[in-house]
Amino acid sequence: MIPLVDLQAQYATIKKEVDSAVMKVLASGQFALGSEVTNFEEEFASFCGARHGVAVNSGTSALHLALLAAGVGPGDEVITVPFTFVATVAAIRYTGATPVFVDISPGTHTMDVSRVAKAITTRTRAVIPVHLYGQPADLDPLCTLAKRYEISVIEDASQAHGAEYRGTRVGSLGEFGCFSFYPGKNLGAYGEGGLVVTSDSNHAKTIRSLRSWAEEPRYHHQRSGFNYRMDNLQGAILRVKLRHLPAWTEARRDIALSYDQVLADIPVTVPTGLPYTKHVYHQYVIETPHRDLLHAILKQHGIQTGLYYPVPLHLQPCYAELGGQVGDYPNAETAAQTNLALPVYPELPENVPKIIAETIQPCLSDLAE
Ligand SMILES: *Cc1c(COP(=O)(O)O)cnc(C)c1O
């Protein structure tokens, strides 16, 4: 069985380092926040080229607190895409603001920035581009627009640790960069985790305060805060793993290249990126009208593939109140029906791309006849 991601295979390669880091934390007696978290915040912020990092307990919490620090609240609007993981939109709802969708671009599956200006109103407070699958959204034109209208850019970089836009790592181009360290992400904790990077020290201070009950001083609460703290154990594990991330990213890019090669003569669409970005292949996603068939056939052959995401958010029952209808965001709807994620993780056996190509080619040629 070839899984979509294999966390045990990765742990086997770093067991010694992780185990000793974990033991140190157990002996230290510091569990909720702590020096490992503080060090990780500095190391990850510097990895992103941002001045501050504030670690939290999930990517969802990172988005929630970035929105609050941007001043988003009830009555405001936040622009994002309908083709993302549900958490992007859930975080907007947590603040009481209204999500406003703009469609994705068909080739890159990220926000079609040319549609954003039309979606801006006097209530718009922020825009959340999502670097879906590890592919940076087109940040330059978006940041220019956001500046003109004085709205905050909050990057959802949960799938894009280390991805680059014109040579700069994502997360540091917007006012805020939000990351998830859910175990399956390119940089994953052994549990839950998240982090906000920002170069604005006031924003960092606000987020730091809100993640732990907004206490100033202890047991005095200026505003309503949260228990969104990162575990010290996760901080220690993430520090170990961050050191391996550049090599893991290159391994993912090598696998993507070999998929590109073996799929070149097969009638499926392989991922295309903006030429000035560096894709980190959180997912390697092909497009085909025969998506469900390939998903089933590969499963029969012991190869797991993924559907990210089968239902766009404007058509989810939980967001029916937003009034989305079939046909509103056609590019998102098409992607939901045609996208298929193939296994990609640094330890993926080298022959898998070839096996996949040889498995799908005969059924696609049968269909063509
Ligand atoms: C994983 C993910 C999140 C949420 O992160 P959690 O750590 O699971 O809360 C948000 N946005 C996107 C695009 C994600 O992939």
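Structure: see above.
Residues numbered from 1 in each chain as written. Predicted model: local features only at pLDDT ≥ 70, side-chain atom pairs only at ≥ 80, totals over all residues. Heavy atoms only, no water.

(A) Geometry of helix 8 (residues 232-262). Under the 1.5 Å per step criterion, the end-to-end length of helix 8 is 43 Å for 31 residues, consistent within 8% with the ideal 45 Å. Of all the bends in helix 8, the greatest, near 45 degrees, is centred on H244, and the proline P246 appears no more than four residues after it. (Helix = DSSP H or I, 4+ residues; strand = E, 2+ residues; numbered from the N terminus. Expected span 1.5 Å × (residues − 1). Bend = angle between axes of the 7 residues up to and from the residue.)

(B) Expanded view of the pattern of salt bridges. One pass over the full model with this rule turns up 15 salt bridges. Between R208 and E41 there is a salt bridge, with its nearest N and O atoms 3.1 Å apart. Of this pair, R208 sits in helix 7 (residues 201-210) while E41 sits in helix 2 (residues 35-48), and the two are 167 residues apart along the sequence. According to the relative accessible area criterion, E41 is buried, its value standing at 4%. Note that E250 and K278 form a salt bridge whose closest N and O atoms lie 3.0 Å from each other. Taken as a pair, E250 in helix 8 and K278 in strand 10 (residues 277-278) lie far apart in primary sequence, 28 residues in all. Here E250 falls in the partly exposed class, since its relative accessible area comes to 36%. In the salt-bridge network here, residues are joined through shared partners; they are E36, E43 and R239. (Salt bridge = Lys/Arg side-chain N within 4 Å of Asp/Glu carboxyl O. Buried < 20%, exposed > 50% of the residue type's maximum accessible area, 1.4 Å probe, protein only.)

(C) Representation of the site of the ligand within the structure. Around the ligand sit 14 residues in total, of which G59, T60, D156, S180 and K185 are the nearest. Contact between the ligand and Q159: an oxygen atom at 2.8 Å from a side-chain N or O atom of the residue. Between the ligand and K185 there is a distance of 3.1 Å, counted from an oxygen atom to a side-chain nitrogen or oxygen. Computed on the free molecule, the ligand has an accessible area of 380 Å², of which 93% lies beneath the protein chains in the complex. Those elements giving two or more residues to the shell around the ligand turn out to be helix 3 (59-69) and helix 4 (86-94). (Near = heavy atom within 4 Å. Polar contact = N/O pair within 3.5 Å; in protein donor to acceptor, adjacent residues only side chain to side chain. Areas by Shrake-Rupley, 256 points an atom, 1.4 Å probe, with all protein chains shown as cover.)

(D) Region of interest: the pairing of strand 12 (residues 339-342). Alternating residues of strand 12 divide into N339 and A341 and L340 and L342, and every residue in both groups is buried. Sheet topology note: the strand 11 (residues 284-287)/strand 12 ladder contains four bridges and is antiparallel. Bridging from a neighbouring strand, I286 pairs with L340 of strand 12. (Pairing = 2+ DSSP bridges.)

(E) Region of the structure containing the packing of aromatic side chains. Considering all chains together, one arrives at 14 aromatic pairs under this definition. Plain terms: the ring middles of F40 and F44 are 5.6 Å apart, the flat faces sit at 35 degrees to each other, and that makes the pair tilted. Highlighted residues: F40 and F44, both in helix 2, separated by four residues, approximately one helical turn. By relative accessible area, F44 is classed as buried at 0%. With centroids separated by 5.6 Å and ring planes inclined at 70 degrees, the aromatic side chains of Y308 and Y309 adopt a geometry described as edge-to-face. Taking the relative accessible area as the measure of exposure, Y308 reaches 24% and is therefore partly exposed. A cation over an aromatic ring shows up here: R166 above the ring of Y276, its NZ or CZ 3.8 Å from the ring centre. (Phe/Tyr/Trp six-rings, centres within 6.5 Å; stacked < 30°, edge-to-face > 60°. Lys NZ or Arg CZ within 6 Å of the ring centre and 35° of its normal.)

(F) Summary view of the side chain of Q234. Examined against the element boundaries, Q234 turns out to sit in helix 8. Accessibility expressed as a relative area gives 6% for Q234, which makes it buried. Not counting the four nearest positions on each side in its chain, Q234 is found in contact with A189, Y190, G191 and E192. (Contact = heavy atoms within 4.5 Å.)

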